[in-house]
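# Observations on the model geometry
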Amino acid sequence: MKPQFERTALILGNDSIQKLQQSHVIIFGLGGVGGYVCEALVRAGVGEISLVDDDDVNESNINRQIIALHSTIGKAKVDVAAERALDINPEIKIHRHKCFYLPENSSDFDFSKYDYIVDCIDTVTAKISMIENAASAGKSDKIITCLGTGNKINPMGFKVAAVEKTKVCPLARVMRQELKKRNIKGIKCVYSEELPFNVVASSENGRHAPGSVSFVPGAAGLLIAAEVIKDLTK
């Protein structure tokens, strides 16, 4: 075993490290949450990761995104994340998909081949499509979705639950309704019951951009990574 995984093995065991090294995880969205998911999974020893995001790093990302630095502004997030992952573990297999996941291109992804699917995107229609495709591929127990982290300030407020068990979070309410219509239950999510701040939203690349602070999206991303690692290693 490589020395960089020895301390993780003291907690998880050698067999778990081997399972992680043989696992393939796909991460949709490399923003404030997804970047930290990637960071933690790579450092824990996941051996193969697919990265999906169409954005480039911009200066407004620096307040919360681990891959966002002045030196990475203008670079594709999938490339920055991939290069960082390879610098952490040169033996990792990385697949880059510079695109946004949408219902129209969902057939580009064969969900049956991934050991775990991580949803860190913002669009409800795309999130629902992703969950539907995961369920169709028999991966309902191997997908985790992140719900609202914007306009919040309490990193201790995040919880793990099935979507139908959530409350307070406005995005969770929409997801509950849509998944109920489709009779999909038991999808694991990370969400917060903290009431969001009432702030005036800004516009980023023509899209709605909520307020954010450095420690909140990262907390959600690390919690997601913990759930993925626990599920992969049992």
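Scroll up for the structure.
### As for the pairing of strand β3 (residues 93-97)
Sheet topology note: the strand β2 (residues 48-52)/β3 ladder contains five bridges and is parallel. Opposite Leu51, over in β3, you have Arg96 as the bridge partner. Considered for its hand, the β-α-β crossover made up of β2, helix α4 (residues 77-88) and β3 is right-handed.

### A look at the sheet that holds strand β6 (residues 158-162)
With respect to topology, seven strands assemble into an open sheet ordered β3-β2-β1-β4-β5-β7-β6, the strand pairing being mixed. Across the chains shown, the open sheet's two edge strands, defined by having one partner strand only, are β3 and β6. The average undirected angle you get between the axes of adjacent strands in this sheet is 20 degrees. Docked against the sheet, α4 engages β2 and β3, running at close to 175 degrees with respect to β3.

### Focus on a nonpolar patch on the surface
The grouping of Leu10, Ile11 and Leu12 at the surface amounts to a nonpolar patch, some 350 Å² of accessible area in total. Relative to the elements of secondary structure, Leu12 occurs in helix α1 (residues 6-12).

### Quick notes on the pattern of salt bridges
Here the structure, examined in full by the defined rule, presents 15 salt bridges. Measuring nitrogen to oxygen at the nearest pair gives 2.9 Å for the salt bridge that ties Asp79 to Arg96. Highlighted residues: Asp79 in helix α4 and Arg96 in strand β3, separated in sequence by 17 residues. Judged by its relative accessible area of 29%, Asp79 falls in the partly exposed class. Salt bridges sharing partners connect three or more residues here, namely Glu132, Glu178, Lys181 and Arg182.

### Here we look at the packing of helix α2 (residues 14-21) against helix α7 (residues 215-233)
For the pair α2 and α7, the least separation of the axes is 9 Å and the interaxial angle reads 105 degrees. In this view, α2 runs roughly perpendicular relative to α7, as classed from their interaxial angle. Facing Ser16, Lys19 and Leu20 of α2, the residues of α7 in contact are Ile229, Leu232 and Thr233. Grouping the constituent residues of the contact of α2 with α7 by class yields three nonpolar, two polar and one charged.

### Some points on the nonpolar core
One finds Ile27, Leu41, Leu51, Val118 and Ile224 to be the most contacted residues of the largest nonpolar core, which totals 41 residues. Broken down by secondary-structure element, the contributors of at least two residues to this core are β1 (24-28), α3 (34-44), β2, α4, β4 (116-119), β5 (143-146) and α7. Sorting elements by how many residues they give to this core places α7 first, with seven residues. In terms of nonpolar packing, the next biggest core, distinct from the first, is built from 28 residues, Val52, Met130, Ile131 and Leu179 among them.

### Notes on α2
Where α2 is concerned, the buried positions are Ser16, Ile17 and Leu20. Considered in projection along α2, the buried side chains sweep an arc of 100 degrees and stay on one side of the axis. Within α2, the exposed residues directed more than 90 degrees away from the buried face are Asn14 and Asp15. In the core, the buried residues of α2 are packed alongside α1, α3 and α7.

### Details of unusual backbone geometry
Despite not being glycine, Asn151 shows a phi value in the positive range, around 60 degrees. Within the secondary structure, Asn151 is located in the loop between β5 and β6. One non-glycine residue, Lys234, adopts positive backbone phi at about 60 degrees.

Definitions and limits used
Residues numbered from 1 in each chain as written. Predicted model: local features only at pLDDT ≥ 70, side-chain atom pairs only at ≥ 80, totals over all residues. Heavy atoms only, no water. Pairing = 2+ DSSP bridges. Helix = DSSP H or I, 4+ residues; strand = E, 2+ residues; numbered from the N terminus. Right-handed = clockwise from strand over helix to strand, strands pointing away. Axes fitted to C-alpha atoms, helices over the stretch in contact; angles between N-to-C directions. Contact = heavy atoms within 4.5 Å. Patch = residues over 30% accessible without salt bridge, like charges linked within 9 Å, V, L, I, M, F, W, Y side chains within 5 Å. Areas by Shrake-Rupley, 256 points an atom, 1.4 Å probe, with all protein chains shown as cover. Salt bridge = Lys/Arg side-chain N within 4 Å of Asp/Glu carboxyl O. Buried < 20%, exposed > 50% of the residue type's maximum accessible area, 1.4 Å probe, protein only. Parallel < 35°, antiparallel > 145°, perpendicular 65-115°, else oblique. Nonpolar A, V, L, I, M, F, W, Y, C, P; charged D, E, K, R; others polar. Core = buried A, V, L, I, M, F, W, Y, C linked by side-chain atoms within 4.5 Å. Arc of directions from axis to C-beta.

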